[in-house]
Amino acid sequence: MEEKSLLEVKDLTVKFFTDDGVVTAVDRVSFDIKRGETLGMVGESGCGKSVTSLAIMRLLPSPPARITSGKILFEGEDLLQKSEAEMRRIRGNRISMIFQEPMTSLNPVFTVGRQISEAIMLHQKLSGKEAVERAVEMLRLVGIPNPEKRYHEYPHQMSGGMRQRVMIAMALSCNPKLLIADEPTTALDVTIQAQILDLMNRLKDRVGMSVLLITHDLGVVAETARRVVVMYAGQVVEEASCEDLFENPLHPYTAGLLKSIPRLEGEKGRLNVIEGSVPNPLNLPPGCRFNPRCPEAADICRKKSPALLEMGNGRRVRCFSRGSPPEEV
Amino acid sequence: MNQQKNIIEVQGLVKWYPVKAGVFQKVAGYIKAVDGVSFSIKRGETLGLVGESGCGKTTSARCMLRLIEPTKGRIIFNGRDIMRLNREQLRKIRPRMQVIFQDPYSSLNPRLTVKEIIGEVLAFHGIARGKELEKRVKHLLEMVGLAPHHMRRFPHEFSGGQRQRIGIARALATNPDLVVCDEPVSALDVSIQSQILNLLEDLQARLGVSYLFIAHGLNVVKHISHRVGVMYLGKIIEVTESDEIYRNPLHPYTQALISAIPIPEPKVRRRKILLEEDVPSPLNPPEGCRFWTRCRHAVNICRREEPELVECAPGHKVACHLYGR
C-alpha cells in the first residue's frame, strides 16, 4: 500500500531578483516526505537546500526572492495559497524548524523557559501556568538536567549543546507534524552531535513526526535518514533510499562526493577529488550543470540538460549516462 | 628515531588566563587553557591534534609559535629554545614557522591583491623584491594550483577553496620548516576539502615541511597525519600513530570520540558511546583525571590522582589509570 505523504513539494522554483541579475536558487524541485519518515537533503553550499526549507516555511524575504512556480502541499493543502495570518498558525505549531546556530536563534534577553512557553501559549491556548508546566516537561524530555532551575536561565548561561536542546524543546513543544532541521548539528562538537542526533531520533519516534534533515554531512544522513535527496546547483540530481544511495550512487556527483570523504577505516590513499568548484548561479554552464566537473561528461552533456529520470522504487537520477532523456525547455 | 630529527619539541607547555572580578579587578582564578602539554614533531612529519572546542588545541599551537606568550614551558625549535629569544631574534626565526588559518574569508586582507598579500611576506623578511618578488609569487601560485594571472586579483574574486590556496601559498612563501594548519578545511565544502588535503600532502612530499594539523574532524586528521594527539581540557590524553588511534584507541574519551563520528555507511550500525553532559569548565577542572566526570570506567583513584601520560606500547602513550604502571 502506498504510504500517504505528509508534505509534497511539486515543481518548486525560487528566483532571487538581484542587482546583478536573476538567480534561480531552486529550479523545479519536487520531493515528498511520508508520515513518520526522515528525509535527508544533502548538497554543498549554494545548492538551494536552505532556500527550499525557507520556501516551505514561507520565510523567504520578498523582494528579492520570489516563488515563481510550484506547489507545496502540506496535509493536502497548498501552503503557497495561505495568507500570512494562516501561515503564522502553522509555523511553530504544525511545522517547526531548528537552525544551525543555536547561539543566534534564541533571544538573548528572555529566559529560555519564557521563550518556550510563549510558543505554547500562542498555539495551544493554554493558560500561563499550564504553559510553564509544559515547557518544563519539554526541557526534561530533551534531557536537560534540573529543568525547573534551567527554565529561568538565559541563553548565554548555556553551552552550545544545551542551547540546541532548548531549540529542539521549543520546536517540539506544540507537537508538530513536520520538523525541518537545517544543519542542526554542524556547529556542535562530535560527541555533542552524537547526543543531539540520538535525541532527535528518539523523539521523532515518540511523537510520530516527520523530519526534513538538511545537511552537508553524508555521515549524519547515513545514520539518520531513510531516504535521501541530493541537490546540485538548485536542482535535484538524485534521490534514493539511504542504503541504495551509499551502496550504489548513480549520479557522478554523488559518487564523487562519497569517494572524497576521508574514511576512518582502511588504508590511506589519495583522496578522490571533484575538480573545480560549484558554478556561479548567475552564470550556469550550458547543458548539464555538473558537466564541467564531471569525469564522465560526453558531448550531449555540454549541449542539453538532462531531465530527472524516474527509475522505480523511489529512485530518481538526472544524468544522460544513466539514461535520462533531455529536458524539454 | 634520534633526537636530532625533531624539528620542534614542546615540553610542559602551560597557558593560564587570569580571570578578574570585583571592583578592584582582583584575580579570582585562572582559566587553564593549556595545562602541561608536551609533544614533538619530526622533520617532514604531520602531527594531528584533535579535541572538542575549548580543549586547548589552538592555544597550544599559538603558544608554540609564541603568538600567545605561554605561562610556562620549553619550546625547542631547530635546537634553540625559543622561549629565551627576544623580539628581534624571534622575528628572525618566524619565517621558519608559518600558519594557515581556518577562515579563508577573514584571514586575507580584502584591500590587497594576491600579489601584495604574498609579496608582503617576501618583502618583510627580505627574501625578494622587484622582479624577483613577482617571479617568486608566480611560482608560489603555480605550486598551489592557481594561475600566475590570479596575482592581480583581490580575495573577493576567489571561491573559498581558492582562497585557502592563497593562504597556503602565503605560508609557504618563506620556505618554512614547520606550518601550523589550524582547521584549514573545516570551513570548506566536502568536494573542496579533498582538493586542499591532497594539495597539503603533495606539498609536504615535495618540500619536506612538517605540519601541526589541528582539526575537530577525526577522519580528516587521521587521513593526513602520521601521528595523532587527542586533547581534553588542556591536556594531551593520548598520542600514537594515526592508524593505531583508530584501530586501538585506549583512552575512554578517545573511544567515545571515535564512536561518535557519523560514518557514511548506512548498513554498518556501530555501537555509539554517548558521553553524558558537557565538557567541564576549564576555570575549575575536576580534581584527579579531568575526564572522570564523564567516564564510564571511573573508579576511586581517578577522582584523586591525575594520571600521567605514559607509554603503554611502543609509540603509544595514554594518560589513564586503566593502563596503570
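Residues numbered from 1 in each chain as written. Chains lettered and ligands numbered in written order. Predicted model: local features only at pLDDT ≥ 70, side-chain atom pairs only at ≥ 80, totals over all residues. Heavy atoms only, no water.

The record held by UniProt for chain B lists under Sequence similarities (unreviewed entry) the comment "Belongs to the ABC transporter superfamily." (UniProt positions renumbered as here; feature names shortened; annotations may be inferred.)

Per an unreviewed UniProt entry, chain A is named Oligopeptide transport system ATP-binding protein, and its organism is Thermosediminibacter litoriperuensis. As recorded by UniProt, the Subcellular location (unreviewed entry) comment attached to chain A reads in full: "Cell membrane".

Enquirer: Outline the overall build of chain A, supporting the account with residue identities and numerical values.
Expert: In terms of helices and strands, chain A carries eleven helices and twelve strands. Relative to the 2.2 N^0.38 estimate, which gives 20 Å for 329 residues, the radius of gyration of chain A is 21 Å and therefore close to what a compact globule would have. By principal-axis analysis of the C-alpha atoms, chain A measures approximately 70 × 50 × 50 Å. Looking at chain A as a whole, 54% of its 329 residues are labelled buried. Partitioning the intrachain contacts of chain A with sequence separation of at least 6 by distance along the chain shows that 63% fall at a separation of at least 24. Put simply, chain A shows about 14600 Å² of open surface, and 50% of that area lies on carbon and sulfur atoms. (Helix = DSSP H or I, 4+ residues; strand = E, 2+ residues; numbered from the N terminus. Rg over C-alpha atoms; globule rule 2.2 N^0.38 Å. Buried < 20%, exposed > 50% of the residue type's maximum accessible area, 1.4 Å probe, protein only. Contact = heavy atoms within 4.5 Å. Areas by Shrake-Rupley, 256 points an atom, 1.4 Å probe, with all protein chains shown as cover.)

Enquirer: Account for the pairing of strand β3 (residues 46–50) of chain B, with residues named and values stated.
Expert: Side chains on a regular strand alternate between the two faces of the sheet. All names here are of chain B. Counting buried residues along β3, five of its five residues qualify, which places the element largely inside the surrounding structure. Relative to strand β8 (residues 210–214), β3 runs parallel, the two being bridged by four bridges. In the sheet register, threonine 46 faces β8, and the bridge partner there is tyrosine 211. In terms of strand pairing, β3 meets strand β9 (residues 227–232) through four bridges, oriented parallel. By the bridge assignment, leucine 47 is partnered in β9 with arginine 227. (Pairing = 2+ DSSP bridges.)

Enquirer: Please provide a residue-by-residue account of the interface of chain A and chain B, values included.
Expert: On the chain B side, the residues contacting the 42 residues of chain A number 40 residues. When the two sides are added together, the surface that chain A and chain B hide from each other amounts to roughly 3900 Å², 54% of it contributed by carbon and sulfur. For the chain A face of the interface with chain B, the top three residues by lost area are Glu223, Leu264 and Lys268 of chain A, together amounting to 20%. When the shortest N-O distance is used, the salt bridge between lysine 272 of chain B and glutamate 223 of chain A registers 3.0 Å. Taken together, the links from chain A to chain B amount to 15 residue pairs in polar contact (both at pLDDT 80 or more). Secondary structure elements with two or more residues in the side of chain A that touches chain B: α7 (190–207), α8 (218–224), α9 (242–247) and α10 (252–260) of chain A. (Buried area = accessible area lost by both parts, 1.4 Å probe. Salt bridge = Lys/Arg side-chain N within 4 Å of Asp/Glu carboxyl O. Polar contact = N/O pair within 3.5 Å; in protein donor to acceptor, adjacent residues only side chain to side chain.)

Enquirer: Before we move on, can you summarise the state of the cysteines with the specific residues and values?
Expert: Summed over the entire model, instances satisfying the criterion amount to zero disulfides over all chains. Of the cysteine sulfurs around cysteine 242 of chain A, a residue in no disulfide, the closest is that of cysteine 47 of chain A, at 17 Å. In this structure cysteine 55 of chain B is a free cysteine whose sulfur lies 13 Å from that of cysteine 63 of chain B, the closest cysteine sulfur available. (Disulfide = S-S within 2.5 Å.)

Enquirer: Residue-level account of the packing of aromatic side chains, with values.
Expert: All names here are of chain A. This structure, assessed with the given rule, holds seven aromatic pairs over all chains. Centre to centre, the rings of tyrosine 253 and phenylalanine 290 are 5.3 Å apart; their planes meet at 70°, and the pair counts as edge-to-face. Here tyrosine 253, found in helix α10, pairs with phenylalanine 290, found in the loop between α10 and α11 (299–303); they are 37 residues apart in sequence, far enough to count as distant. Under the relative-accessibility criterion, tyrosine 253 is labelled buried at 0%. (Phe/Tyr/Trp six-rings, centres within 6.5 Å; stacked < 30°, edge-to-face > 60°.)

Enquirer: For the UniProt feature "domain: ABC transporter" (unreviewed entry) in chain A, give the residues involved together with the corresponding values.
Expert: Those places that UniProt annotates as "domain: ABC transporter" (unreviewed entry) correspond, in this numbering, to residues 7–258 of chain A. Span residues 7–258 of chain A is 38% helix and 28% strand, its end C-alpha atoms 28 Å apart.

Enquirer: Please set out the nonpolar core residue by residue, giving values where relevant.
Expert: All names here are of chain B. Among the nonpolar cores identified, the biggest contains 67 residues, and Ile118, Ile168, Val179, Leu200, Leu203, Phe213 and Tyr253 are the most heavily contacted of them. The element that contributes the greatest number of residues to this core is helix α6 (residues 190–207), accounting for six residues. With near-sequence residues (within four places) excluded, valine 179 lies in contact with Gln98, Ile100, Ala171, Leu172, Val209, Ser210, Tyr211 and Leu212. (Core = buried A, V, L, I, M, F, W, Y, C linked by side-chain atoms within 4.5 Å.)

Enquirer: Tell me about the sheet that holds strand β4 (residues 72–77) of chain B, residues and numbers included.
Expert: Residue and element names in this part refer to chain B. Pairing in this open sheet of four strands is antiparallel, and the strands run β2-β1-β4-β5 from one edge to the other. Strands at the two margins of the open sheet, each flanked by one partner only, are β2 (26–42) and β5 (80–81). Note that strand β1 (residues 6–21) and β4 share five bridges and pair antiparallel. The partner of isoleucine 8 across the bridge, within β4, is phenylalanine 77. Across the face of the sheet, helix α1 (residues 57–64) comes into contact with β1, β2 and β4 while running at roughly 115° to β1. (Axes fitted to C-alpha atoms, helices over the stretch in contact; angles between N-to-C directions.)

Enquirer: Which residues make up helix α5 (residues 160–172) of chain B, and what are the values?
Expert: All names here are of chain B. For α5, with 13 residues, the first-to-last C-alpha span of 19 Å sits near the 18 Å given by 1.5 Å per residue. Counting buried residues in α5 gives twelve out of 13 residues, a clear majority hidden from the surface. Turning to α5, its buried residues are Gly160, Gly161, Arg163, Gln164, Arg165, Ile166, Gly167, Ile168, Ala169, Arg170, Ala171 and Leu172. Summarising the contacts, the buried residues of α5 are in contact with β6 (97–100), α3 (114–124), α4 (130–143), β7 (178–182) and α6. (Expected span 1.5 Å × (residues − 1).)

Enquirer: Residues and numbers for the packing of α5 of chain B against α6 of chain B, please.
Expert: Residues and elements named next belong to chain B. Contact pair α5 / α6: the axes reach a minimum separation of 10 Å and the direction vectors enclose 20°. Between α5 and α6, the interaxial angle falls into the category roughly parallel. Both α5 and α6 take part in a crossing whose hand is right-handed. Facing α5, whose interface residues are Gly161, Gln164, Arg165, Ile168 and Leu172, α6 presents Ile192, Gln195, Ile196, Leu199, Leu200, Leu203 and Leu207. (Parallel < 35°, antiparallel > 145°, perpendicular 65-115°, else oblique. Left-handed = near helix turned anticlockwise from the far one by under 90°.)

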